[in-house]
Amino acid sequence: MVFPLIPADVKSALPYSNEIEFVHPHNLGNFNFTVQKSPAGLMSRSAPMLVDSSGSITVPKPLPESAPAYSTNLGTPYVTQESEMTAAT
C-alpha cells in the first residue's frame, strides 16, 4: 500500500539498497516513511514529523495538571440612579 507513495527518484534507488527513507507531504503534516526489504517483501514504518514540519502541523501545548482558580466574588452590584429613585417612591 505504501508503494504508490514512494517518489520516483527514491523508488529507483530501492533495488540497490536495503532501506530507503522519504518524506511524504500531506495536508495534516509531513510524514517520514522508512521502507526496508526483507525476505517476506517490503516492510514500512511511518511517523509524523513533529519537528521541522515547515509550519504545516501544529502541536498543542499540554494542559495544566489542575484547573485555574477563579474567584466567585463578583463584588457589589452596580446600581443606577434611576433604580434608586424608583425604590424610594
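Up top is the structure.
Calculation notes
- Residues numbered from 1 in each chain as written.
- Predicted model: local features only at pLDDT ≥ 70, side-chain atom pairs only at ≥ 80, totals over all residues.
- Heavy atoms only, no water.
- Helix = DSSP H or I, 4+ residues; strand = E, 2+ residues; numbered from the N terminus.
- Buried < 20%, exposed > 50% of the residue type's maximum accessible area, 1.4 Å probe, protein only.
- Contact = heavy atoms within 4.5 Å.
- Pairing = 2+ DSSP bridges.
- Axes fitted to C-alpha atoms, helices over the stretch in contact; angles between N-to-C directions.
- Phe/Tyr/Trp six-rings, centres within 6.5 Å; stacked < 30°, edge-to-face > 60°.
- Core = buried A, V, L, I, M, F, W, Y, C linked by side-chain atoms within 4.5 Å.

Caption draft 1: View of the overall build of the protein chain. Across its full length, the protein chain holds two helices and three strands. Counted from the first residue to the last, the protein chain has its helices and strands arranged as α-β-β-β-α. Across the 89 residues of the protein chain, 15% fall into the buried class. Nonlocal contacts in the protein chain, meaning residues at least 24 apart in sequence, comprise 18% of its contacts between residues at least 6 apart.

Caption draft 2: Structural context of the sheet that holds strand β1 (residues 19-26). An order of β1-β2-β3 is seen for the three strands of this open sheet, with the pairing classed as antiparallel. Of all the strands in the sheet, just β1 and β3 (41-48) have a single pairing partner and so form its edges. Here the average twist between neighbouring strands, direction ignored, is 25°. Two elements, β1 and strand β2 (residues 29-38), share eight bridges in a ladder whose sense is antiparallel. Its bridge partner being in β2, Glu 21 is matched across the sheet by Thr 34.

Caption draft 3: The arrangement of the packing of aromatic side chains in detail. Under the counting rule described, the total for this entry stands at one aromatic pair. With 5.2 Å between their ring centres and 5° between their planes, Phe 22 and Phe 33 make a pair best called stacked. Placement of the pair is Phe 22 in strand β1 and Phe 33 in strand β2, with a sequence separation of 11 residues. A relative accessible area of 5% places Phe 22 in the buried class.

Caption draft 4: Spatial organisation of the nonpolar core. Counting residues in hydrophobic clusters, the biggest one holds eight residues: Val 2, Ile 6, Val 10, Leu 14, Ile 20, Phe 22, Phe 33 and Val 35. Of all the secondary-structure elements, those providing two or more residues to this core are β1 and β2. Not counting residues within four places of it along the chain, the set of residues in contact with Val 10 comprises Ile 20, Glu 21 and Phe 22.

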